[in-house]
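Descriptive analysis of the structure
In case you want the letters, here they are:
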Amino acid sequence: MGLGSGLVLGTMVTVDEQLRARWQARASERVADAGHRTGAARRAVIDLLAREGQCLIDAQQIMAELRPRRSPASVYRILHELLTLGLINRFDSRDGIARYEIVDPGNHHHHFVDEQTGDVHPFTDARLDQAVRETAERLGVTISCHEVTLRGLEQPQSRLMAQQWRRDPEIVFVPGAR
Ligand SMILES: [Zn+2]
Ligand SMILES: [Zn+2]
């Protein structure tokens, strides 16, 4: 639910099938362009991330889902490749857990981390992205991406938990053409 200022928040509960197909196609293309063979292990990791990596998925979860066929070593190597190709982002939180998320202009959002529970909530905010664009302009720089993570405590009136995740089409952050 919008809060009247372009702020949209909540928990990602559904798989966006368009995003899934789009990212999957782009990932396969980039991996091939980079000279990697699209082997079964790469295919398995890409398929899993396209479906479950639309918001943060942690490394343990990825390993658990791909076991026993894929070894942690090969999965980590493939994750590293995808990072290098700019297809996923990695977030290292204070709990020491690495989480991954697919990169797609239509999937741009930020995160709030509840420091008490460790819960991570996605949200989008048109004003925040506007401020980022204006800052880049003032600095005289062209930015390809940005990440914003807010940390703190949810207040009793927080609506983070109650809302269903929904993207605000107006705030899609499209970086400079790649
Ligand atoms: Zn996310
Ligand atoms: Zn943003």
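Refer to the structure above for everything that follows.
So, here's what we can say about the structure. Predicted model, so just to flag it, every value in this text is computed and none were measured.

Attention shifts here to the overall build of the protein. Across its full length, the protein carries five helices and seven strands. Secondary structure elements in the protein, listed N-terminal to C-terminal, are β-α-α-β-α-α-β-β-β-β-α-β. In the protein, which comprises 178 residues, the share counted as buried stands at 19%. Counting only contacts in the protein whose residues sit at least 6 apart along the sequence, the fraction spanning at least 24 positions is 68%.

Read from one edge to the other, the open sheet built from three strands follows the order β2-β4-β3, with strand pairing classed as antiparallel. Across the chains shown, the open sheet's two edge strands, defined by having one partner strand only, are β2 (57-58) and β3 (88-92). Pairing analysis gives five bridges linking β3 to strand β4 (residues 98-102), with the strands arranged antiparallel. Looking at the pairing, Ile88 lines up with Ile102 of β4.

This next bit is on the nonpolar core. In globular proteins that are soluble, nonpolar side chains generally tend to be buried together. By size, the foremost hydrophobic cluster in this structure holds 15 residues, and its most contacted members are Ala27, Leu49, Ile88 and Ile102. The set of elements that each furnish at least two residues to this core consists of α1 (17-33), α2 (40-52), α4 (72-84) and β4. Looking at this core, the element that brings in the most residues is α2, giving four residues. Ignoring anything within four residues of it in the chain, the contact list for Ala27 reads Ile46, Leu82 and Leu87.

Definitions and cut-offs
- Residues numbered from 1 in each chain as written.
- Chains lettered and ligands numbered in written order.
- Predicted model: local features only at pLDDT ≥ 70, side-chain atom pairs only at ≥ 80, totals over all residues.
- Helix = DSSP H or I, 4+ residues; strand = E, 2+ residues; numbered from the N terminus.
- Buried ≥ 20, exposed ≤ 12 C-beta atoms within 10 Å, placed from the backbone.
- Contact = placed C-beta atoms within 7 Å.
- Pairing = 2+ DSSP bridges.
- Core = buried A, V, L, I, M, F, W, Y, C linked by C-beta atoms within 7 Å.

That is the geometry; function is a separate question.
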